[in-house]
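# Descriptive analysis of the structure
Okay, here's what each chain looks like letter by letter:
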Amino acid sequence: MNGIAGTRLTFSDATAKVGKWLVLGFFFFFTFVPLIWLLLSSFKTNLELQMRPFALPAVWQIQNYVNAIQISGLPRLFLNSVVVSSVSTVLTLVVTSMAAFVFAREKFPLQQALLNVILAGVLVPIIALMAPYFRLTNALKLYDSLWALILTYTAINLPISTFLMHGFMKTIPKELEEAAVIDGASFFQRFSRVIFPLSRVGLVTAGTFVFLFGWNEFIYALLLTSRIQSRTLQLGIRFFVSQFFTDYTSMFAAIVLTIIPSIAVYVFLHEKIIKGLASGALKG
Amino acid sequence: MRRIISTLIVVALALVMTTPLMATAPQEEGEIVLNFPTFWVGQDSKAEPIADLVESFNAEHASEIRVVIEANPDTDGYRDKINTQMAAGQAPDIFVFAPDPTTFQYYDSDILMDFTEELQGSWRNDFVPGYIEESTKNGRTKSVPYEIGLTPIWYNSELFAQAGVDEFPATIEEFQDAADALKAAGIVPTSQMTGGSNAWTSMLWYSHIVGSLGGPDVWSKPLSDPLFVEAAEVLLRMYQDGNTTRDAVGGDAGVSGGHYMAGNTAMFINGPWYIGRIRGDAPETYAATRLAPAPQVGDYYGHQLGFMLSNLAAANTDDERKRDAVITFMQYMTDPDNVKLVSEAAGSLFAIKYELGADADPLQREFVRAASEATFVIGLFSSRYPVDVVAEFGQALAAMALGEATPAEFVEMLIEVNN
């Protein structure tokens, strides 16, 4: 048996290779089969789904995709989700990168205590904050607007994003900042010219979490909005769930349409996400 | 890549900046706008007739009152939203009120509009007797009875005929014989489910059995009464020996209803709201469906499960004009002619007196017949117990069906949560 470079593979090498591909195949199967099943099911009738859940559709029901777009007003909701997820991501990153810079690179009284208070927010279940957020949104006259969701998602994500950014910024060597100071960099320039650009992988990691949160969030979107003009995709998916009946196949069609951007984000940014996670895990 | 991301961010920011900060609907001078969040939207069978009614109402009261439907898909999410709003002391102008022990607690606060005085007058005569009383707590009626449910046993007469069973079984022994005959013919006897928020189909079977054992006053008995364990034993048998489908444990309403519609199972339980679905998706099963009371397990027979499904409620207000507008809308919604329109279009039943038209659905007529022939009517387990006990029902049932709990332990689990 010849290897890539023409060298002979030993039995143990071949076994290791087969084992590697078996493991990869196993994870590939469990990752992709549900997605493929979802895609195929989105072309079936509901009855077909119940009777033959793993068969190919007898007649490919394009109507499910028409329903997905028409009944739930998917195009508008899609646009709203893009806006809400993107703007809340930008806002979160702007705020938390500056906060993390101060906590990671400066020394001041009660530094650790303040950081702990912020990070403790990670432990608060978001459902416990529904009533306060609702009252606050109403008091600010933001109910039923995209801003209600943008500000809420930003607030909810501050702790986790600060945690990620802080962990990342702590790994940047002090010498780089010291060199910038010697060159005359101000406090803000140390952040904007040195630390912020070097935290790009961390920003992508935190940004991905925040974006996906905004993209997938349902309960606050339902609580804080009432018209389609200010609602997001996850509510559109639920339009197929009524009190006593769920139109699963149209819902699956809507889900297929909604996960496309998530997959696209991951395909384009997966290297940085993995690098960021690994970096945080090893050095954070 | 950086350029693409930057462009996307700029476009998103531009879009959000052009989105109105506040999204309040434009309002004419002197016009009262009432927001009506409801889950009767999307593919709900009542979505279209309710939207039509609201549109007619708005046309009738142009420039005076305008009701705006807020579409809230997902019933569970809707309830979370309404409960949060009420907990925050800011109930919606008009909304669908779930008449259960948890939400009735809001009667003790002053956030709900009180209809007691209005319902003492001629408006009261529009309602079927009993429902206003059920919606009254401590002498105050703070929600208006609207949709009701009746959940008899549905059975597929064609499948019964295939198995050589001519009539629906009247006793549990006959039921077992019929189940054996169905299984011998390759047909699964019952649809069951442990999933969903309340294990709906199986919870209905349990309520029927409990009613047969305990009679009209069964829900006044504590869960520690032996009849609840006896009912659990009967329900357990429905999960054993092929009496239900293998996916019943963990299955939701889509699973139990899907098997019945597909002709895989011969018996099922649901309300009249399911008529539209089965008529459209499974016309053969629809044509073969008949209704019956549950087989007799104890001393009682011929009863049905009837319950208030959805009431209408409104936020309390000191504004007399707004209060009048709300009451005008409530009276419009409960007008017998309007209720008839919704009932015939959606297949639903209501707490208001009305006559079905000549071209009403035959299965809907069966429901009316089942209601009129009932020896007595009791509520559901889910109407009697708080939401956490109802949520536990499915978990405990799954444990029992999987052999991890005995019927006595199943009831113990419910008692534990109830305490």
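## Structural notes on the overall build of chain A
Each helix and strand in chain A was counted, giving 13 helices and 0 strands. Element order for chain A, N to C, with α for helix and β for strand: α-α-α-α-α-α-α-α-α-α-α-α-α. Over its C-alpha atoms chain A spans a radius of gyration of 24 Å, topping by over 25% the 19 Å that the globule rule assigns to 284 residues. Each principal axis of the C-alpha distribution contributes one length, and for chain A these read about 75 × 70 × 30 Å. Considering chain A as a whole, with its 284 residues, one finds that 45% of them fall into the buried category. Taking the intrachain contacts of chain A between residues at least 6 apart in sequence as the baseline, contacts between residues at least 24 apart amount to 71%. If you sum the accessible surface of chain A, you get close to 14,800 Å²; carbon and sulfur atoms cover 73% of it.

## Re the nonpolar core
Counting residues in hydrophobic clusters, the biggest one holds 132 residues, and the most contacted among them are Phe 36, Tyr 146, Trp 154, Tyr 206, Phe 381, Phe 393 and Phe 410 of chain B. Broken down by element, the residue count for this core peaks at 9 residues, all from helix α9 (residues 226-239) of chain B. Mapping this core onto the domain boundaries places at least three of its residues in each of domain 1 (32-148 + 307-361) and domain 2 (153-306 + 363-418) of chain B. Val 83, Val 87, Phe 134 and Leu 223 of chain A belong to the second largest nonpolar core, which has 24 residues in total.

## Here's the deal with the interface of chain A and chain B
Facing 46 residues of chain A, the contacting portion of chain B comprises 51 residues. In terms of surface lost to chain B, no three residues of chain A exceed Trp 147, Gln 243 and Phe 244 of chain A, which account for 17% of the buried area on that side. Connecting chain A to chain B are 1 salt bridge. Residues Asp 74 of chain B and Arg 238 of chain A are paired through a salt bridge, measuring 3.3 Å at the closest nitrogen-oxygen approach. If you list the elements that add at least two residues to the side of chain A that touches chain B, you get α2 (46-51), α4 (74-105), α6 (130-139), α7 (146-169), α11 (219-224), α12 (233-238) and α13 (248-283) of chain A. A per-class count over the side of chain A that touches chain B returns 28 nonpolar, 10 polar and 8 charged.

## Notes on the sheet that holds strand β7 (residues 153-156) of chain B
All names here are of chain B. Pairing within the open sheet is mixed, and its 4 strands lie in the order β8-β9-β7-β10. Either end of the sheet is taken by a strand with one partner, and the two such strands are β8 (188-190) and β10 (289-292). On average, adjacent strands in this sheet sit at an angle of 25 degrees to one another, irrespective of strand direction. Of the strand pairs in this sheet, β7 and strand β9 (residues 265-269) are connected by 3 bridges, and their pairing is antiparallel.

## Regarding the environment of Phe 228 of chain B
All names here are of chain B. Tracing the chain through its elements places Phe 228 in helix α9. Residues Phe 228 and Ile 111 lie 117 residues apart in sequence; the distance between their C-alpha atoms is 37 Å. When residues no more than four places from it in sequence are discounted, the contact partners of Phe 228 are Tyr 206, Val 210, Val 218, Trp 219, Lys 221, Pro 222, Leu 223, Tyr 385 and Val 411.

## Notes on the pattern of salt bridges
Under the defined criterion, the tally for this structure stands at 17 salt bridges over all chains. Arg 124 of chain B is paired through a salt bridge with Glu 133 of chain B; the nearest N and O atoms lie 3.0 Å apart. One connected set of salt bridges, linked through shared partners, spans Arg 105, Glu 106, Glu 177 and Arg 190 of chain A.

## A word on the confidence of the model for chain A
Atom-level detail of predicted coordinates should not be read off regions where pLDDT is low. Of the residues in chain A, 93% reach a pLDDT of 70 or more, and the chain-wide mean stands at 87. Ranking the helices and strands of chain A by mean pLDDT puts α7 of chain A first, with 94, and α13 of chain A last, with 74.

## Some details on a nonpolar patch on the surface
Residue and element names in this part refer to chain A. The grouping of Phe 28, Phe 32, Leu 35, Ile 36, Ile 263, Val 267 and Phe 268 at the surface amounts to a nonpolar patch, some 690 Å² of accessible area in total. Counting residues per element, the ones that place at least two in the nonpolar patch are α1 (11-41) and α13. Sorting elements by how many residues they give to the nonpolar patch places α1 first, with 4 residues. Structurally, Ile 263 is set in helix α13.

## Thoughts on the domain arrangement of chain B
Residues and elements named next belong to chain B. The domain architecture assigned to chain B consists of domain 1 (32-148 + 307-361) and domain 2 (153-306 + 363-418). Between domain 1 and domain 2 the total buried area reaches about 1,500 Å² when both faces are included, carbon and sulfur atoms providing 53% of it. On the domain 1 side of the interface with domain 2, the three residues burying the most area are Phe 307, Leu 349 and Asp 361, jointly 47% of the side's total. Put simply, domain 1 and domain 2 have 1 salt bridge between them. Where Arg 279 meets Asp 361, a salt bridge forms, and the shortest distance between an N and an O atom there is 2.3 Å. Along the contact surface separating domain 1 from domain 2 lie 8 residue pairs in polar contact (both at pLDDT 80 or more). Elements with a contribution of two residues or more to the side of domain 1 that touches domain 2: α4 (101-104), β6 (144-150), β11 (304-314) and α14 (336-346). In terms of residue count, the dominant contributor to the side of domain 1 that touches domain 2 is α14 (3 residues).

## Points about unusual backbone geometry
Residues and elements named next belong to chain A. The backbone of Lys 141 sits at a positive phi, close to 55 degrees, despite the residue not being glycine. With respect to the secondary-structure elements, Lys 141 resides in the loop between α6 and α7. Note on Lys 141: relative accessible area 53%, which makes it exposed.

## Considerations on the packing of aromatic side chains
For any pair of aromatic rings, the description rests on two quantities: the centre-to-centre distance and the angle between the ring planes. In this structure the tally under the stated criterion is 54 aromatic pairs over all chains. Ring geometry for Tyr 248 of chain A and Phe 252 of chain A: centres 6.2 Å apart, planes at 50 degrees, overall tilted. Of this pair, Tyr 248 of chain A and Phe 252 of chain A both sit in helix α13, 4 residues apart, which is roughly one turn of the helix. According to the relative accessible area criterion, Tyr 248 of chain A is buried, its value standing at 17%. Relative to Trp 273 of chain B, the ring of Trp 200 of chain B has its centre 6.3 Å away and its plane inclined at 50 degrees; by these criteria the two rings are tilted. Of this pair, Trp 200 of chain B sits in helix α8 (residues 200-214) while Trp 273 of chain B sits in the loop between β9 and α11 (275-281), and the two are 73 residues apart along the sequence. For the residue pair Trp 200 of chain B and Trp 273 of chain B, the accessibility class agrees, reading buried in each case. The rings of Tyr 206, Trp 219, Phe 228, Phe 381, Tyr 385, Phe 393 and Phe 410 of chain B are connected pair by pair, giving a single aromatic cluster. Residue placement shows Lys 137 of chain B over the ring face of Phe 104 of chain B; its charged tip is 4.5 Å from the ring centre. Positioned above the aromatic ring of Tyr 385 of chain B, the side-chain terminus of Arg 384 of chain B is 4.5 Å from the ring centre.

Rules used throughout
Residues numbered from 1 in each chain as written. Chains lettered and ligands numbered in written order. Predicted model: local features only at pLDDT ≥ 70, side-chain atom pairs only at ≥ 80, totals over all residues. Heavy atoms only, no water. Helix = DSSP H or I, 4+ residues; strand = E, 2+ residues; numbered from the N terminus. Rg over C-alpha atoms; globule rule 2.2 N^0.38 Å. Buried < 20%, exposed > 50% of the residue type's maximum accessible area, 1.4 Å probe, protein only. Contact = heavy atoms within 4.5 Å. Areas by Shrake-Rupley, 256 points an atom, 1.4 Å probe, with all protein chains shown as cover. Core = buried A, V, L, I, M, F, W, Y, C linked by side-chain atoms within 4.5 Å. Domains from an automatic or database assignment. Buried area = accessible area lost by both parts, 1.4 Å probe. Salt bridge = Lys/Arg side-chain N within 4 Å of Asp/Glu carboxyl O. Nonpolar A, V, L, I, M, F, W, Y, C, P; charged D, E, K, R; others polar. Pairing = 2+ DSSP bridges. Axes fitted to C-alpha atoms, helices over the stretch in contact; angles between N-to-C directions. pLDDT = per-residue confidence, 0-100. Patch = residues over 30% accessible without salt bridge, like charges linked within 9 Å, V, L, I, M, F, W, Y side chains within 5 Å. Polar contact = N/O pair within 3.5 Å; in protein donor to acceptor, adjacent residues only side chain to side chain. Phe/Tyr/Trp six-rings, centres within 6.5 Å; stacked < 30°, edge-to-face > 60°. Lys NZ or Arg CZ within 6 Å of the ring centre and 35° of its normal.

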